[in-house]
Amino acid sequence: MLWQLTKALMERALEAEMATHLGYEKHDQEAKPNGNRRNGKSKKTLKGELGEIEVITPRDREATFEPQIIPKGQTRMAGLDGKILSMYARGMTTRDIQGHLEEMYGVTVSPTLISNVTDAVLDEVRAWQNRPLDAVYPIVYLDALVVKMREEGTVQNRAVYVAIGIDMEGHKEVLGLWTSANEGAKFWLSVLNDLKTRGVEDIFIACVDGLKGFPQAIEAGYPKTTVQLCIVHMVRASLRFVSWKDAKAVVADLKMIYRAVSRENAEQQLEVFAAKWDPKYRSISQLWRRHWEQIVPFFAFPADIRKVIYTTNAVESLNMTLRKVIKTRGSFPSEDAAIKLLYLALINVAKKLHTIQGWPQALNHSARGN
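Residues numbered from 1 in each chain as written. Predicted model: local features only at pLDDT ≥ 70, side-chain atom pairs only at ≥ 80, totals over all residues. Heavy atoms only, no water.

Caption draft 1: Representation of the overall build of the chain in the model. The helix and strand tally for the chain stands at 15 helices and seven strands. Looking at the 370 residues of the chain, the share that counts as buried comes to 48%. Within the chain, counting contacts between residues at least 6 apart in sequence, those at least 24 apart form 64% of the total. Element-wise, carbon and sulfur atoms account for 51% of the exposed surface of the chain, whose accessible area totals about 19,000 Å². (Helix = DSSP H or I, 4+ residues; strand = E, 2+ residues; numbered from the N terminus. Buried < 20%, exposed > 50% of the residue type's maximum accessible area, 1.4 Å probe, protein only. Contact = heavy atoms within 4.5 Å. Areas by Shrake-Rupley, 256 points an atom, 1.4 Å probe, with all protein chains shown as cover.)

See the structure below:
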């Protein structure tokens, strides 16, 4: 089925390119110019993942036609199926893709056929999910997002767990995706055990949100790992106690704490904050004091690298991208359908994950990096 779709798409695209090259459609007799015209067709055999496909290629009299989708001399397919997957990865539904293919190439295919094309990626997803990982990651960010999936006839919210690691060279890498009925420390422990099974022996710092039991789950899986609470989550948690009129001022004063030059200075700034805001919002300073040992580990790093460590922005930015992709779906018919789309979206996002500048030098300043 996939090879038939690929053949039809390529041949329709070649005809469209020829029409653009000549300046008139194939059966538009009135628009035919006196010069260059169509001059029959030739057969071309292309090799690819689907085996060999024979494609009918149009010719012109002056032999000036230079097709883009299958350049002259090319004997392997340039991944048209990849283009289909790319549309899917950007959040287009199977019916969206159906309409796009018909509009652009005049090829009519069923939604079922498009689904079969994209289902072919599931084996790749499983291989990716089980691939070996590095032995050491200085930082791993852990977070979750909620996705609606259909299960036993009803739509339910399920948590999709995401882990991003920074390796010893400062490269960001999505380590995996996992799903569960809801976010919980117990399931995070199974995620950490999966990372261990795939070869991760040590994590210097795990940057997490304030989920209850999360630090204990990390300690059970990786006893030597330092837990770094995400500062963004801490600020959000603090603002739950604050009137909207005071929010901007509170955020500015909290910034004086986590942007301090040292841990000692941060402790001083926390006291300054408490003296100012405790009369109205005592719960904020209590919250920060209660989690202080898990807030301050990033101070062991140079100032220019701290922000990378103390926020899960890397994961939250990724999740934001994934949410944009899945927002076109009311719900997914299955877990496989959700993971398939999220994986394809990750392939696109991974191209934008940049290496952290100056990371090796910064690593040398950390306690575990020495």
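The rest of the description comes next.
Caption draft 2: Seen up close, the packing of aromatic side chains. For the structure shown, the criterion picks out seven aromatic pairs. Three or more aromatic residues joined by ring pairs form one cluster here, namely Tyr 161, Phe 187, Trp 188 and Phe 214. Against the face of Tyr 222 rests Lys 196, its NZ or CZ located 4.8 Å from the ring centre. (Phe/Tyr/Trp six-rings, centres within 6.5 Å; stacked < 30°, edge-to-face > 60°. Lys NZ or Arg CZ within 6 Å of the ring centre and 35° of its normal.)

Caption draft 3: Up close: helix H6 (residues 185-197). Compared with an ideal rise of 1.5 Å per residue, which puts 13 residues at 18 Å, H6 spans 18 Å between its outermost C-alpha atoms and is within 8% of the ideal. Turning to H6, the residues buried within the fold contact strand E3 (136-151), strand E4 (154-166), strand E5 (172-180) and helix H7 (214-221). One or two residues past the end of H6 sits Gly 199, with phi positive at roughly 115 degrees. (Expected span 1.5 Å × (residues − 1).)

Caption draft 4: Representation of the side chain of Ser 238 in the model. Considering the arrangement of structural elements, one finds Ser 238 in helix H8 (residues 231-239). Within the structure, the side chain of Ser 238 is placed 2.8 Å from the backbone oxygen of Met 234, a separation counted as a polar contact. A distance of 2.8 Å separates a polar atom in the side chain of Ser 238 from a polar atom in the side chain of Trp 288. Among all residues touching Ser 238, those that are not within four sequence positions of it are Leu 254, Ile 284, Leu 287 and Trp 288. (Polar contact = N/O pair within 3.5 Å; in protein donor to acceptor, adjacent residues only side chain to side chain.)

Caption draft 5: Highlighting the nonpolar core. Counting residues in hydrophobic clusters, the biggest one holds 84 residues, and the most contacted among them are Leu 142 and Trp 288. At 10 residues, the largest contribution of residues to this core is made by helix H14 (residues 335-350). One finds Leu 14, Leu 46, Ile 53 and Val 55 within the second-largest nonpolar core, a separate group that totals six residues. (Core = buried A, V, L, I, M, F, W, Y, C linked by side-chain atoms within 4.5 Å.)

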